[in-house]
Amino acid sequence: MNFFRGVMGGQPAGPQPTGAETIQKLCDRVASSTLLEDRRDAVRALKSLSKKYRLDVGTQAMDHLVRILQTDRSDSEILGYALDTLYNIICNDEEEEQDENAQKQSDDLGVQFTDKFIKDPENVTLLLSMLEEFDFHVRWPGVKLLTALLKNQCAQLQGVILVSPMGVSRLMDLLADSREVIRNDGLLLLQQLTKGNAAIQKIVAFENAFERLLDIITEEGSSDGGIVVEDCLLLLLNLLKNNSSNQNFFKEGSYIQRMKPWFEVGDDNSGWSAQKVTNLHLMLQLVRVMVSPVNSPGATASCQKAMYQCGLLQQLCTILMATGVPADILTETINTVSEVIRGSQTNQDYFASVNAPSNPPRPAIVVLLMSMVNERQPFVLRCAVLYCFQCFLYKNQKGQGEIVATLLPSTIDANSISAGQLLCGGLFSADSLSNWCAAVALAHALQDNLTQKEQLLRVQLATSLGKPPVSLLQQCTNILSQGSKVQTRVGLLMLLCTWINNCPIAVTHFLHNQENVPFLTGQISENLGEDERLVQGLCALLLGICIYYNDNSLENYTKEKLKQLIEKRVGKENFVEKLGFITKHELYSRAAQKPQPVFPSPEQMLFDHEFTKLVKELEGVITKAVHKSSEDEKKEEEVKKTLEQHDSIVTQYKELIREQDAQIQELREQVSTMTTQSEQTQSTLTQQLAQIQQHKDQYNILKLKLGKESQGQGGSQGEGSQVNGLLPEELTQLREEVEELRGQHKLLQAQLSDKDTLIDTLRSEAAQAAGGGAGGSDNAQMLQELEALRSQVQSQSSEISQLQADRQELLRRAEAGAAAPPPSGEGSADPAQAAELESRLAAQTSETERLREEARGLQEGRASLEQQLDSATSTVAILQTERARLQTEVAESKKEQDDLLMLLADQDQKIHSLKQRLKDLGETIDDEDDLDARDPSDEDEDEDEDE
């Protein structure tokens, strides 16, 4: 202990030991001391020296400190000292202000010690296990040390943590720590951990990171919160940026809806703190990450839909139109709204309906365009407005039509400012940046929209008093020929190229001005400086479009004459070289990377993203068109026309085959319907058979009861019949009914015989058809159904016959009872016997009446059976007719398809010969069957090109 007092306390006598010697002695004491207190004091001393003697402590003590972490896990105090010492020798953040060389040496030292520590992966695993300790003096230094290691060697440490069991889960537990300092440092640790590693990002996201981070942001006050909110937002950006899996998980978890309250700003927006500006800026970036154009179109569309449905887009538009919002927040909000509406028709329609809170109200688009063409506005704000306008018109033909309509004479309102008026004002203003922005914006109103390109040709401009109006196309070429700034000419050339591209009518209007072609050829043929090369390339592109989409309607400027003019005045090779200046420009590749116009300075604002795609599409075809001879073009046009004719024939045959397939499908559905009806009929017959069986059982019961009464009351019935004479009349009536039933039974037998004959005939026809092979399975099924119907009808007939026989037996017994002689003792019957006979007679009379009612019910059942038999007969006839018709139609369809196959084979042979001719002429022909893969829209585009 005296040694430590010497180190930490007063000055002992004798020479003072150097720092390295002191550190060596402390390391020896850490390694050799058996008492925990001695080791703790030694480690505490190393901690106090670790900042001043960083190199010596790191070199000599690191292994001893790691050993302390392994062996003294029970003492939290010594663990905290060891972790703090390791943090001091590894971390580079707390160095005092030094010159550049000293700071670089310090950073290199931290990296070297980090490499030494993570060389053994067990050290990282040991450190992760330390984070499970709840003691503040252990957990907090452990978090800081792991963060420092990640800053120095992020990739290597990420790999170790990724393979460590429960490594990421232990780090996620830091967010649930009730001590804010540990939770906040845990956020910094996770920021470093999730940088550039998609696998760790996914694990962190599925450890419920989104829920925890959004809860922390809400607890800290959202945009009004402090640095903790900023850390949470940075971590969310790490998890979501360029990670489609996490973005989908964020959307499916309904976390987009929880972002809406972030953007609720009040009426008083003055005096925003710097932290609030930073927080809101990061929140807007988070929204943009979810709808970025680099994401897959499906994921972007679903996020855009969710943002509209939850009201997030409406909230952003409120900030857009609010007053007092800082300029950088307003710029980022415009960019965010741009990407939320880009390519989404619903969101674009909503944005078109937003009005600014002015008097009178003006559309938000008009207010934004006023800022874009105002040269006093900040450059980044003007770029953001241009991007917003481009996104509003992206794949929005309805919006394009509305913008162009504000330029047409019939829709111009002199009392209000429209988008078209602002664009024309910017196009012809003295500010070159306004010229370029207005030209690009107007070009986006024409992008891939032939109708609006033709409509814009109607726009007339009044240049000055007393002079006739000129067209917008002519005014653009006039300004182009006046030799304005390079930025203005580039913008106008991009507008003209987009305008006349794939629009032969616009090409004709452009060529109709006799000065345009000489101006273009003059610009291309001159040898100008580096700044003018881009203008020369764009002039070559514009002239090439005039050749490629020329319909030869102007005699002086046909395709052939324009190519001859290029060959004489410019030269084909020189023309192609100048055309290549566009893609070789240093700013071309930068603009082609992403849709948002981002430029370091206004002077570098030359290319538009959509225009770069147009150049890439047209450069090759224009080069090819210029080098083709007239004979080659004629031959190619003839071959194209022939191929188009064959395409038309093949298309017609394909349509015919589709129609026949539809007819066959319809017939199959009809057969299926009839099969269902047959099954229903069979089910009905089964139910009727059950009812017949029930009636039969009831009849048997009645027969047994009547037989017993006839045996016991035979004599009494005879006497009763002779007393009042009523029973013989009823018996006579029953006999007549029986005769009538017999006649009807014979008639039913005759009908059954006719049906048997019909079924035999159908069976023979089915056997013949089965021998032919076509439709055999369907005919066999129909014959089985008919046979089943026949057996059911025969069963019903036999049951009816049985019922008739039973009834005849009953009548015979009744007649025998009536004809029987009275008993011999009748003359001497006393009044009591007479009364008994009269009562028996009354009972017999009531029983006879009951039997009559029963007979009537059976007759009605027979009538119902006859109706069912008629229904079955009609069903058989319908099925027979339908089968015959189906067989005929199938045969005709097969014959027509055979004829079509023959015709298609002939057409394929002709197409092959024509392709061979094209190959002989030097044309490149794909071997794939492109004819079948082309859709109608492609054919329409080809027709436009030929025109």
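About the thresholds
Along every chain, residues carry numbers that run from 1 in the direction the sequence is written. Where local features are concerned, this predicted model is filtered to residues with pLDDT of at least 70; where side-chain atom pairs are given and counted, the filter is 80 or more; whole-chain, interface and lining totals use all residues. Hydrogens and water molecules were not included; the side-chain quantities draw on all heavy atoms of the structure. A run of DSSP states H or I qualifies as a helix once it reaches four residues; a run of E qualifies as a strand once it reaches two. Both are numbered from the N-terminal end. We call a residue buried when its accessible area falls under 20% of the maximum for its residue type, exposed when it is over 50%, and partly exposed in between, using a 1.4 Å probe and counting protein chains only. We call two residues in contact when some of their heavy atoms are within 4.5 Å. Only the protein chains shown count as cover for residues, and the accessible areas themselves come from Shrake-Rupley with a 1.4 Å probe. Each reported salt bridge corresponds to a side-chain nitrogen of Lys or Arg within 4 Å of a carboxyl oxygen of Asp or Glu. Working rule for helices: expected span equals 1.5 Å times residues minus one. Residues adjacent in sequence count toward polar contacts only when both atoms are side-chain atoms; beyond that, a polar contact is any pair of N or O atoms within 3.5 Å, and within protein one must be able to donate a hydrogen and the other to accept it. Every residue is assigned a pLDDT by the predictor, reflecting its confidence on a scale from 0 to 100. Centres within 6.5 Å make a pair out of two Phe, Tyr or Trp rings, where for Trp the six-membered ring is used; the pair is then stacked when the planes are under 30 degrees apart, edge-to-face when over 60, and tilted otherwise. Throughout this description, the term charge over a ring refers to an Arg CZ or Lys NZ atom that lies within 6 Å of the ring centre and within 35 degrees of the ring normal. Working definition of a nonpolar core: buried Ala, Val, Leu, Ile, Met, Phe, Trp, Tyr and Cys residues. They are joined through side-chain atoms within 4.5 Å. Between the N-to-C directions of two axes lies an angle of 0 to 180 degrees, each axis being a line fitted to C-alpha atoms and, for a helix, fitted only over the stretch in contact. Helix crossings fall into two classes, left-handed where the near helix is turned counterclockwise from the far one by less than a right angle and right-handed where it is turned clockwise. Three classes are used: nonpolar for Ala, Val, Leu, Ile, Met, Phe, Trp, Tyr, Cys and Pro, charged for Asp, Glu, Lys and Arg, and polar for all others, with Gly counted as polar. Working rule for angles: under 35 degrees goes down as roughly parallel, over 145 as roughly antiparallel, 65 to 115 as roughly perpendicular, anything else as oblique. Patch definition: residues with relative accessible area over 30% and no salt bridge; like charges joined within 9 Å; nonpolar side chains (Val, Leu, Ile, Met, Phe, Trp, Tyr) joined within 5 Å. Positive: Lys, Arg. Negative: Asp, Glu. His and the chain ends are not part of the count. To locate a charge, the coordinates of NZ of Lys, CZ of Arg, CG of Asp or CD of Glu are taken. Put simply, a disulfide is two cysteine sulfurs that come within 2.5 Å.

Asks: I tried to follow the overall build of the chain on my own but got confused; where do I start?
Replies: For the chain, the count of helices and strands is 43 helices and 4 strands. The buried share among the 947 residues of the chain stands at 45%. Intrachain contacts of the chain at a sequence separation of at least 6 include 73% that bridge at least 24 residues. Element-wise, carbon and sulfur atoms account for 50% of the exposed surface of the chain, whose accessible area totals about 47,700 Å².

Asks: Where do I start with the pattern of salt bridges in this structure?
Replies: Two side chains with opposite charge may pair up if their charged atoms get near one another. This structure, assessed with the given rule, holds 22 salt bridges. One salt bridge connects Arg39 with Asp72, and the closest N-O pair in it is separated by 3.1 Å. Here Arg39 is found in helix α3 (residues 36-49), whereas its partner Asp72 is found in the loop between α4 (54-71) and α5 (76-90), with 33 residues between them in sequence. What makes Arg39 buried here is its relative accessible area of 13%. Several salt bridges converge on common partners, so that one network encompasses Arg40, Asp41, Arg44, Asp75 and Glu77.

Asks: Sorry, what's going on with helix α8 (residues 136-152) here?
Replies: One turn of the α-helix equals 3.6 residues, which is why residues spaced by three or four share an orientation. Helix length check: α8 (17 residues) gives 25 Å between terminal C-alpha atoms against 24 Å at 1.5 Å per residue, within 8%. The buried fraction of α8 is high, at 13 of 17 residues. Taking the backbone nitrogen of His137 as reference, a side-chain oxygen 2.8 Å away marks Asp135 as the first, capping residue of α8.

Asks: Where do I start with the environment of Gly58 in this structure?
Replies: Looking at the secondary structure, you find Gly58 in helix α4. Along the chain, Gly58 and Ile89 lie 31 residues apart, while their C-alpha atoms are 5.8 Å from each other. Residues in contact with Gly58, not counting those within four places in the same chain, are Ile89, Phe113 and Lys116.

Asks: I tried to follow the confidence of the model for the chain on my own but got confused; where do I start?
Replies: Low-pLDDT stretches of the model should not have their predicted coordinates read in fine detail. On average, the chain scores 81 in pLDDT, and the residues at 70 or more come to 78%. Note that pLDDT drops below 50 for residues 769-776; the model gives that stretch 4 contacts with residues more than four away or on any other chain. Confidence drops under a pLDDT of 50 for residues 818-830, and excluding neighbours within four residues, the segment shows 3 contacts in the predicted structure.

Asks: Please explain the packing of aromatic side chains as it appears in this structure.
Replies: In this description, a pair of aromatic rings is defined by centroid distance and the angle of the planes. Tallying each qualifying case throughout the model produces 11 aromatic pairs. Where Phe210 meets Phe249, the ring centres are 5.8 Å apart and the plane angle is 35°; that geometry is what we call tilted. Here the residue Phe210 occupies a position in helix α13 (residues 209-219), and Phe249 occupies one in helix α15 (residues 244-252), the gap between them amounting to 39 residues. When the ring centre of Tyr87 is taken as reference, the NZ or CZ atom of Lys144 above it lies at 5.1 Å. One residue, Lys276, lies across the ring of Trp272, its end atom 4.6 Å from the ring centre.

Asks: Which parts of the structure should I look at to understand the side chain of Ser164?
Replies: Secondary-structure assignment places Ser164 in the loop between α9 (154-163) and α10 (167-172). Apart from the residues lying within four places of it in its own chain, the contact partners of Ser164 are Thr125 and Leu128.

Asks: Would you explain the environment of Ile692 in this entry?
Replies: Note on placement: Ile692 falls in helix α37 (residues 630-712). Along the chain, Ile692 and Arg862 lie 170 residues apart, while their C-alpha atoms are 9.7 Å from each other.

Asks: I'm lost on the nonpolar core in this one. Help?
Replies: Generally speaking, nonpolar side chains in soluble globular proteins are found buried as a group. Core analysis: the biggest nonpolar cluster contains 211 residues, and Leu146, Leu171, Trp262, Phe263, Phe351 and Leu541 have the highest contact counts within it. Setting aside its immediate chain neighbours within four residues, Phe263 contacts Leu280, Met283, Leu284, Val287, Leu312, Gln315, Leu316 and Ile319.

Asks: What's the story with the packing of helix α30 (residues 516-525) against helix α32 (residues 559-569) in this structure? I'm lost.
Replies: The axes of two packed helices give the description: the angle between them and the distance between them. At a minimum axis separation of 10 Å, α30 and α32 run at an interaxial angle of 35°. In this structure, α30 meets α32 at a crossing whose hand is right-handed. Taken together, the residues of α32 that come into contact with α30 (itself represented by Val517, Pro518, Thr521 and Ser525) are Leu562, Leu565 and Arg569. Of the residues contributing to the contact of α30 with α32, the split by class is 4 nonpolar, 2 polar and 1 charged.

Asks: Even after reading the chapter, I still don't get the packing of helix α22 (residues 379-393) against helix α25 (residues 432-446), so can you show me in this structure?
Replies: Two numbers describe how α22 lies on α25: the axes approach to 9 Å, and their chain directions differ by 10°. Between α22 and α25, the angle falls in the class roughly parallel. Here Phe379, Arg382, Leu386, Phe389, Gln390 and Leu393 of α22 lie close against α25, whose contacting residues are Leu433, Ser434, Trp436, Cys437, Val440, Ala441, His444 and Ala445. Tallied by class, residues from the contact of α22 with α25 come to 10 nonpolar, 3 polar and 1 charged.

Asks: Looking at this model, I keep getting lost on a negative patch on the surface. Mind explaining?
Replies: The grouping of Glu892, Glu896, Asp898 and Asp899 at the surface amounts to a negative patch. Tracing the chain through its elements places Asp898 in helix α41 (residues 831-920).

Asks: Help me out: how do you make sense of unusual backbone geometry in this one?
Replies: What is expected of a backbone is that most residues other than glycine have negative phi and most peptide bonds are trans. If you check the backbone angles, Asn242 has positive phi at about 60° while not being a glycine. Assignment of secondary structure puts Asn242 in the loop between α14 (227-240) and α15.

Asks: Got a minute to help me understand the environment of Asn335 in this structure?
Replies: One can find Asn335 in helix α19 (residues 327-341). Using a relative accessible area of 5% as the deciding quantity, one classes Asn335 as buried. Sequence separation of Asn335 and Cys383 is 48 residues, and the distance between their C-alpha atoms is 9.2 Å. Once residues within four sequence positions are removed from consideration, Asn335 is found in contact with Arg288, Ala384, Tyr387 and Gln596.

Asks: Honestly, the side chain of Asn123 in this entry has me stumped. Any pointers?
Replies: Within the secondary structure, Asn123 is located in helix α7 (residues 121-130). Every residue in contact with Asn123, bar those within four places of it in the chain, is listed here: Val66, Gln70 and Phe117.

Asks: Explain the state of the cysteines to me, please; I cannot follow it from the model alone.
Replies: Note on terminology: a disulfide is the covalent bond linking the sulfur atoms of two cysteines. Per the counting criterion, the structure on display carries 0 disulfides. For the unlinked cysteine Cys539, the closest cysteine sulfur is that of Cys497, found at 8.4 Å.

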